[in-house]
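Examining the three-dimensional arrangement
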Amino acid sequence: MATPPPAVTEPDLSALVCPGDQVGPCSTCHRKTHKYGRGGQPLCQRCMSRTLEKWGPGVRYVSSRQPDRAPA
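Within an unreviewed UniProt entry, the label attached to the protein chain reads PRL2-8, and the organism entered is Streptomyces sp. R11.

Written out as structure tokens, the structure is:
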């Protein structure tokens, strides 16, 4: 049986180790995550892992709303 997802009120682990001014909402689930600055990305770790499962390791972001595959 799969582990239930953590509550949206619980921040992503990446939000706990970055400066507070670089924390923002995940583009998918709106959980607090390291979104801005160097090392930030528009998705929390949970949503990013689900995106990688769907799109594969070549995923990159054109914007925070649409994942796109890296050019071959």
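**Some words on the overall build of the protein chain**
In terms of regular secondary structure, the protein chain is built from two helices and four strands. Counting helices and strands in the order they occur from the N terminus, the protein chain gives α-β-β-α-β-β. Taken over 72 residues, the protein chain has a buried fraction of 28%. In the protein chain, once contacts between residues fewer than 6 apart in sequence are set aside, the share between residues at least 24 apart is 11%. Approximately 5300 Å² of the protein chain is accessible, and the part contributed by carbon and sulfur atoms is 56%.

**Examining unusual backbone geometry**
Of note, the phi angle at H30 is positive, near 70°, even though the residue is not glycine. With respect to the secondary-structure elements, H30 resides in the loop between β1 (23-25) and β2 (32-34). Taking relative accessible area as the criterion, H30 reaches 55% and is therefore assigned exposed.

**A short note on the environment of L43**
If you trace the backbone, L43 turns up in the loop between β2 and α2 (45-55). Distance in space between the C-alpha atoms of L43 and K32 is 9.5 Å, their sequence separation being eleven residues.

**Thoughts on the nonpolar core**
Among the nonpolar cores identified, the biggest contains seven residues, and these are C26, C29, L43, C44, C47, M48 and V59. Not counting chain neighbours up to four residues away, the residues in contact with C44 comprise D12, C26, C29, R31 and T33.

**What to know about a nonpolar patch on the surface**
Judged by side-chain polarity, L13, L16 and V17 come together as a nonpolar surface patch covering roughly 360 Å² of accessible area. Along the polypeptide, L16 turns up in helix α1 (residues 13-16).

**Overview of the environment of M48**
The residue M48 is located in helix α2 in this model. Along the chain, M48 and V59 lie eleven residues apart, while their C-alpha atoms are 9.6 Å from each other.

The rules behind these values
Residues numbered from 1 in each chain as written. Predicted model: local features only at pLDDT ≥ 70, side-chain atom pairs only at ≥ 80, totals over all residues. Heavy atoms only, no water. Helix = DSSP H or I, 4+ residues; strand = E, 2+ residues; numbered from the N terminus. Buried < 20%, exposed > 50% of the residue type's maximum accessible area, 1.4 Å probe, protein only. Contact = heavy atoms within 4.5 Å. Areas by Shrake-Rupley, 256 points an atom, 1.4 Å probe, with all protein chains shown as cover. Core = buried A, V, L, I, M, F, W, Y, C linked by side-chain atoms within 4.5 Å. Patch = residues over 30% accessible without salt bridge, like charges linked within 9 Å, V, L, I, M, F, W, Y side chains within 5 Å. Salt bridge = Lys/Arg side-chain N within 4 Å of Asp/Glu carboxyl O.

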